[in-house]
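Fold and geometry: a report
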Amino acid sequence: MIIEHTSVNPTKPLHIGHGRNAVLGDTVARLLRERGYTVEVHNYIDDLGRQMAETLVALSEARGRMRGKFDHHLGRLYAEFHQRLETSPELEERVREVLRGLERGERVAEEARRVAERCVRANLQTTDRLGVSYDLLVWESDLVRSGLLQEVLERFKATPYLVRGEGEKLGTWILRLPGEEEKVLIRSDGTAVYTARDIAYQLWKFGCTRASLRFRFHSRRRDGTRTYTTSQRGRVMKRFGGADVVINVVGAEQKFPQRVVSLALKALGLERQFENSHHLAYEHVRLPEERFSGRRGTWMGFTVDEVVEEAVSRVERLMGERSAGTPLRRVSEGVGVGAVRFSLLSTSPEKEIVFKWEEALDLDRNSGPAVQYSYARACSILRKAGGRIKGTLPPVFKLGEEKELLKQLAQYPEAVRLAAERKQPSLLARYAAELSLRFNKFYEVAPVLEAETEELRVSRLRLVRGTKVVLGNAMRLLGIPLLERM
RNA sequence: GGGCCCGUGGCCAAGCCAGGACAAGGCGGCAGCCUUCUAAGCUGCAAAUCGUGGGUUCAAAUCCCACCGGGCCCGCCA
């Protein structure tokens, strides 16, 4: 299986909405791997688009030194540039000139790649912090130069579905599928629209193209996994691409183009690939009064970097009020990340999230930290119990809380199966929160170490151990850091 | 004009696809619980015409129709 997610233009930092995409895709990848599938995660980098062209012009005009992370720097430049663009027609002409250069693969395309590369490295620092990993970075420039796009377009010209535009659309090539709205794929100036490239990429993902890409090692993620990248100077590697199932994590507003991508496969007679193309759609994260806009810079203050940092410092403040003694930074980092990941996952993707700090950084019940807290409590009990837990006899329980906890533990496999099958991490997030709630109610009324009888003590210890294992597994799948103490 | 998604206590939200017993859970509010395994916890109370109106059914938050409110799509933008 191939899962494509994140795919942010390499001209800006990730805002919290991009964070939703990345965390959603990352968690679905973890879930499907758990279910036994071989999953390859892609992050698509559009280094030839209009945003890139605008950023290059903005960069060439920039005065003064860079502040902070490179992606933030670019994002600010871009927003400033857009204000000037509205009143300066000559800037618009320069942007078009650069865009043409990018299309033709002129020298400016190399500069674009260098700038984008720096931005992607900065973006990866952000996703690393969230525990998100990628197997492959796919660059649009490599896709185009491999001849993939050409090949795919030639293939469509041999079908009755790619037709020459007429009248207002003279000079274009239009994809016209029976019973569907038509879509221009080639502009009258001969350049391909974004959807055309998406179609070519989709075909490559399924291993349905002759043109091949080259790869090389890019960087190592924090969890030790390796990320590769497409590269003109790389090697041909058989391991990438050629999937049976493709899942694209893309915003719900792109339902139409995503539909065109999968229908295009059908038009080429690739029925099975059509059936196995999935658009995992999600609604955006927005502010109470407005949407996030790169052009207007409304994302400022709501980047993933800033949200995570705020989460971590809130946790530190909370820990400062309590008796310390634990390695502060490592714990607060883990709890902050857990809070952000959980809050992005716990709402169903088809629902819009209106960003509010109190909700995004929830540390109370029904949150990432709440789950982490229960896990730490379970670890603490087991630590104090010490040694091996003996006993293979059927457990002796007498309290309702024990039975409720046991029942919840038993439902874990079904929760994972359902979350993976429906590609809905929120189901597992709910499960984990519920399990942590049941565990809390259990340890409140059921002394473990000081249980009345040895039999009961062993039974409860096994229940605590079961909770630790199951909660830990759920947390790993959700990407919520496991902390033995907090 | 055509199409898609959302609408559940003051706020967030599960359940809807596979219709059934008093509609989860959380935040906020109120009242309690720390010489005992971490109070990021636990207990209790108040708070819901499940957007509105029809229909199907023994039974509807859940299925069907219409309407209202919010968001999105229908570009030689991405």
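Residues numbered from 1 in each chain as written. Chains lettered and ligands numbered in written order. Predicted model: local features only at pLDDT ≥ 70, side-chain atom pairs only at ≥ 80, totals over all residues. Heavy atoms only, no water.

**Observations concerning empty space enclosed by the protein**
The rolling of a water-molecule-sized probe over the atoms marks out the regions of remaining empty space. Under the criterion given, the structure shown has three cavities of 30 Å³ or more. Empty space within the largest cavity amounts to approximately 50 Å³. Only strand S2 (40-45) and helix H5 (107-129) provide two or more residues apiece to the lining of the largest cavity. Considering every element that reaches the lining of the largest cavity, the biggest residue donor is H5, with four residues. By residue class, the composition of the lining of the largest cavity is six nonpolar, four polar and no charged. (1 Å grid on protein atoms, 1.4 Å probe; cavity = no way out; pocket = protein on both sides within 12 Å on 5 of 7 lines; lining within 4 Å. Points joined across faces, edges and corners; volume = space filled by probe spheres on them. Helix = DSSP H or I, 4+ residues; strand = E, 2+ residues; numbered from the N terminus. Nonpolar A, V, L, I, M, F, W, Y, C, P; charged D, E, K, R; others polar.)

**Focus: the domain arrangement of chain A**
Examined at the domain level, chain A breaks down into domain 1 (2-286) and domain 2 (323-478). Once you take the C-alpha centre of each, domain 1 and domain 2 turn out to be 38 Å apart. Across the contact, 26 residues belong to domain 1 and 26 residues belong to domain 2. Buried area between domain 1 and domain 2, both sides added, is near 2,300 Å², and the carbon and sulfur share of it is 66%. Of all residues in domain 1, the largest losses of buried area upon contact with domain 2 belong to Arg-20, Leu-31 and Arg-286, amounting jointly to 26% of the total for that side. Our enumeration of links across domain 1 and domain 2 arrives at two salt bridges. Among the salt bridges present, the one from Glu-333 reaches Arg-129, with a minimum N-O distance of 2.9 Å. Our count for the domain 1 to domain 2 interface comes out at eleven residue pairs in polar contact (both at pLDDT 80 or more). Elements supplying a minimum of two residues to the side of domain 1 that touches domain 2: helix H1 (16-34), strand S11 (277-282) and strand S12 (285-286). Broken down by element, the residue count for the side of domain 1 that touches domain 2 peaks at twelve residues, all from H1. The class makeup of the residues in the side of domain 1 that touches domain 2 is 13 nonpolar, five polar and eight charged. (Domains from an automatic or database assignment. Contact = heavy atoms within 4.5 Å. Buried area = accessible area lost by both parts, 1.4 Å probe. Salt bridge = Lys/Arg side-chain N within 4 Å of Asp/Glu carboxyl O. Polar contact = N/O pair within 3.5 Å; in protein donor to acceptor, adjacent residues only side chain to side chain.)

**Quick look at helix H9 (residues 255-267)**
Its 13 residues place the ends of H9 18 Å apart at the C-alpha level, agreeing with the 18 Å of an ideal helix rising 1.5 Å per residue. Among all positions in H9, only Gln-258, Val-260, Val-261, Ser-262, Leu-263, Ala-264, Leu-265 and Ala-267 are buried. (Expected span 1.5 Å × (residues − 1). Buried < 20%, exposed > 50% of the residue type's maximum accessible area, 1.4 Å probe, protein only.)

**Observations regarding the environment of Asp-128**
Along the polypeptide, Asp-128 turns up in helix H5. Residues Asp-128 and Arg-222 lie 94 residues apart in sequence; the distance between their C-alpha atoms is 6.3 Å. Setting aside anything within four residues of it in sequence, one finds Asp-128 in contact with Arg-221 and Arg-222. Polar contacts involving the side chain of Asp-128 include one to the side chain of Arg-221, which spans 2.6 Å.

**Let's talk about the pattern of salt bridges**
Considering all chains together, one arrives at 37 salt bridges under this definition. Of the charged contacts, one joins Lys-169 and Glu-182 as a salt bridge, the two residues approaching to 3.8 Å between their closest N and O atoms. With a gap of 13 residues between them, Lys-169 in the loop between strand S4 (162-164) and strand S5 (173-175) and Glu-182 in the loop between S5 and strand S6 (183-186) connect regions that are remote in the sequence. Here Glu-309 and Arg-329 are joined by a salt bridge, their closest N and O atoms 4.0 Å apart. With Glu-309 in helix H11 (residues 304-321) and Arg-329 in helix H12 (residues 328-346), the pair connects residues that are 20 residues apart, well separated along the chain. Using a relative accessible area of 35% as the deciding quantity, one classes Glu-309 as partly exposed. Assessed through its relative accessible area of 43%, Arg-329 is described here as partly exposed. Sharing partners across several salt bridges, the network here consists of Arg-129, Glu-309, Glu-316, Arg-329 and Glu-333.

**What to know about unusual backbone geometry**
One non-glycine residue, Ser-7, lies in the positive phi region at around 45 degrees. On the secondary structure map, Ser-7 appears in the loop between strand S1 (2-4) and H1. In this structure Ser-7 comes out as partly exposed when scored by relative accessible area, which is 27%. Backbone geometry places Asn-366, a non-glycine residue, at a positive phi of 65 degrees. Relative to the elements of secondary structure, Asn-366 occurs in the loop between helix H13 (357-360) and helix H14 (368-385). Accessibility expressed as a relative area gives 41% for Asn-366, which makes it partly exposed.

**Considering the sheet that holds S6**
The strand order across the open sheet built from three strands is S4-S5-S6, with neighbouring strands paired in antiparallel fashion. Each end of this open sheet is capped by a strand with a single partner; those strands are S4 and S6. The average angle at which neighbouring strand axes cross in this sheet is 40 degrees, direction not considered. Of the strands in this sheet, S4, S5 and S6 are in contact with helix H7 (residues 148-157), which crosses S4 at around 80 degrees. (Pairing = 2+ DSSP bridges. Axes fitted to C-alpha atoms, helices over the stretch in contact; angles between N-to-C directions.)

**Here's the deal with the pairing of strand S7 (residues 214-220)**
Sheet analysis places S7 next to strand S9 (residues 235-236), joined by two bridges and oriented antiparallel. By the bridge assignment, Phe-215 is partnered in S9 with Arg-235. For S7 and strand S8 (residues 226-230), the ladder comprises five bridges, and the chain directions are antiparallel. The residue bridging Arg-216 from the neighbouring strand is Thr-229, located in S8.

**Overview of the layout of surface pockets**
Reported here for the second largest pocket is a volume of approximately 380 Å³. Lining the second largest pocket are 19 residues, and of these Asp-128, Arg-129, Gly-131, Arg-222 and Pro-481 lie nearest its centre. Taken together, the elements giving at least two residues each to the lining of the second largest pocket come down to H5 and H12. Class assignment of the residues belonging to the lining of the second largest pocket gives a composition of seven nonpolar, four polar and eight charged.

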